[in-house]
Amino acid sequence: MKGRANSFWTFWSFPTTVSGQSLNLNRGSHLQLKLILHSERFDEFARLDSLWIETSPILASRVLGEIAELDQPNPARGVAEVELGEMTDFSYDLKADFTVGEPGFNSLLIRTGSIETVFKALEIDGVETTPNGVEITDGDLVVRLPERISPANNPALRVKFSSEVFDFARTFEGEVFNESRDNLPQPVEGGDVSDAVSTNSLRVLASSAANPQLVQDLRFSSGVFTPNGDGINDELILSYSLFALPQSVPVELRVFSLDGRLVVKAQRGQQGSGPQTLRWDGRDQQGTALAPGIYLLGV
């Protein structure tokens, strides 16, 4: 596409190759799809019969968001800067613009990327208010508002929460939505929301005194596990945190015997920065249970 239309395009994001990931498209965004079809047999072919992309009317003309460290609303360099991997208190300000007929929203989701996220408070027009509900799942903080935000009722919103940052640059993506309605969620865009906050962005920068190891805080659910089908210690769960990744990366579990032989090499899909887990049932790639013994595991 050439001409004036180019000025409305956004920068390309990292490619999304894993099912279930949110695209979080902002205004002016375009989709580029790459479809690869292949067959296991040379005498058979694959064909795409249909492609379905779902759209929905917008909830508001625009929903702006602005994040800052709670006690540093006006940072010297104009962007929130925190310590990598440390719990930090944040404020997340939100303001919507409406035109007549737009339905508004009653819930807010903030993608913090940390399962250790703690909700602190909801403020509506500067008054602390009890939300209808709060839910934190896999780093997603959902706040259900006590009243619908609409053209007739459009106060300033602020959510206070604590979270960790696992990337040197983290965008706290958000979206608003309506529970019990068929509307699709609408992304929150970074912008100038509050005169009391000067970041005008959803981006947070993190720093560290030393270059962090990519894999940290590796823990096992048990030092011993016995995958014999009795329901006790049949599965080993590895918990860890990934730091400073620019995008999701493939993760591999490797298991070695004590004499250094690689006995298991298993792909575990894509993972990004933040707390993660892997599960192992004591079997190799062919599904054969390893002999009892002591093994070394690597991620």
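Quick notes on the rules
- Residues numbered from 1 in each chain as written.
- Predicted model: local features only at pLDDT ≥ 70, side-chain atom pairs only at ≥ 80, totals over all residues.
- Heavy atoms only, no water.
- Pairing = 2+ DSSP bridges.
- Helix = DSSP H or I, 4+ residues; strand = E, 2+ residues; numbered from the N terminus.
- Axes fitted to C-alpha atoms, helices over the stretch in contact; angles between N-to-C directions.
- Phe/Tyr/Trp six-rings, centres within 6.5 Å; stacked < 30°, edge-to-face > 60°.
- Buried < 20%, exposed > 50% of the residue type's maximum accessible area, 1.4 Å probe, protein only.
- Lys NZ or Arg CZ within 6 Å of the ring centre and 35° of its normal.

**Student:** It is not clear to me how the sheet that holds strand β12 (residues 186-187) should be interpreted in this structure. Could you clarify?
**Tutor:** The strands that make up a sheet pair up through hydrogen bonds in the backbone, lying either parallel or antiparallel. If you trace the five strands from one edge of the open sheet to the other, you get β7-β8-β4-β11-β12, paired in antiparallel fashion. A strand with exactly one partner marks an edge of an open sheet, and here the two such strands are β7 (133-137) and β12. Summarising the sheet, strand β4 (residues 105-111) and strand β8 (residues 140-149) pair through six bridges and their orientation is antiparallel. Residue pairing in the sheet places F105 in a bridge with I149 of β8.

**Student:** Would you mind going over the sheet that holds strand β20 (residues 295-298) with me for this structure?
**Tutor:** The strand order across the open sheet built from three strands is β18-β17-β20, with neighbouring strands paired in antiparallel fashion. Of all strands in the sheet, those with a lone pairing partner are β18 (262-271) and β20, marking the two edges. Averaged over all pairs of adjacent strands, the angle between their axes in this sheet comes to 15 degrees, without regard to strand direction. Relative to β20, strand β17 (residues 249-257) runs antiparallel, the two being bridged by four bridges.

**Student:** Is there a simple way to explain the packing of aromatic side chains in this structure?
**Tutor:** Aromatic rings in a pair are described by how distant their centres are and how their planes are angled relative to each other. The tally for this structure, following the rule as stated, stands at five aromatic pairs. Arranged with centres 5.2 Å apart and planes meeting at 50 degrees, the rings of F90 and F172 form a pair that is tilted. Here F172 lies in the loop between β10 (169-171) and β11 (174-177) and F90 lies in strand β3 (residues 88-97), a separation of 82 residues in the sequence. Since its relative accessible area comes to 0%, F90 is described here as buried. With 6.0 Å between their ring centres and 45 degrees between their planes, F161 and F172 make a pair best called tilted. Taken together, the positions of F161 in strand β9 (residues 157-163) and F172 in the loop between β10 and β11 put the pair eleven residues apart, joining distant regions of the chain. Comparing F161 with F172 shows no difference in burial state: the two are buried. Three or more aromatic residues link up through ring pairs in this structure, and these residues are F90, F161 and F172. A cation over a ring is seen here: R170 above F172, with NZ or CZ 5.8 Å from the ring centre.

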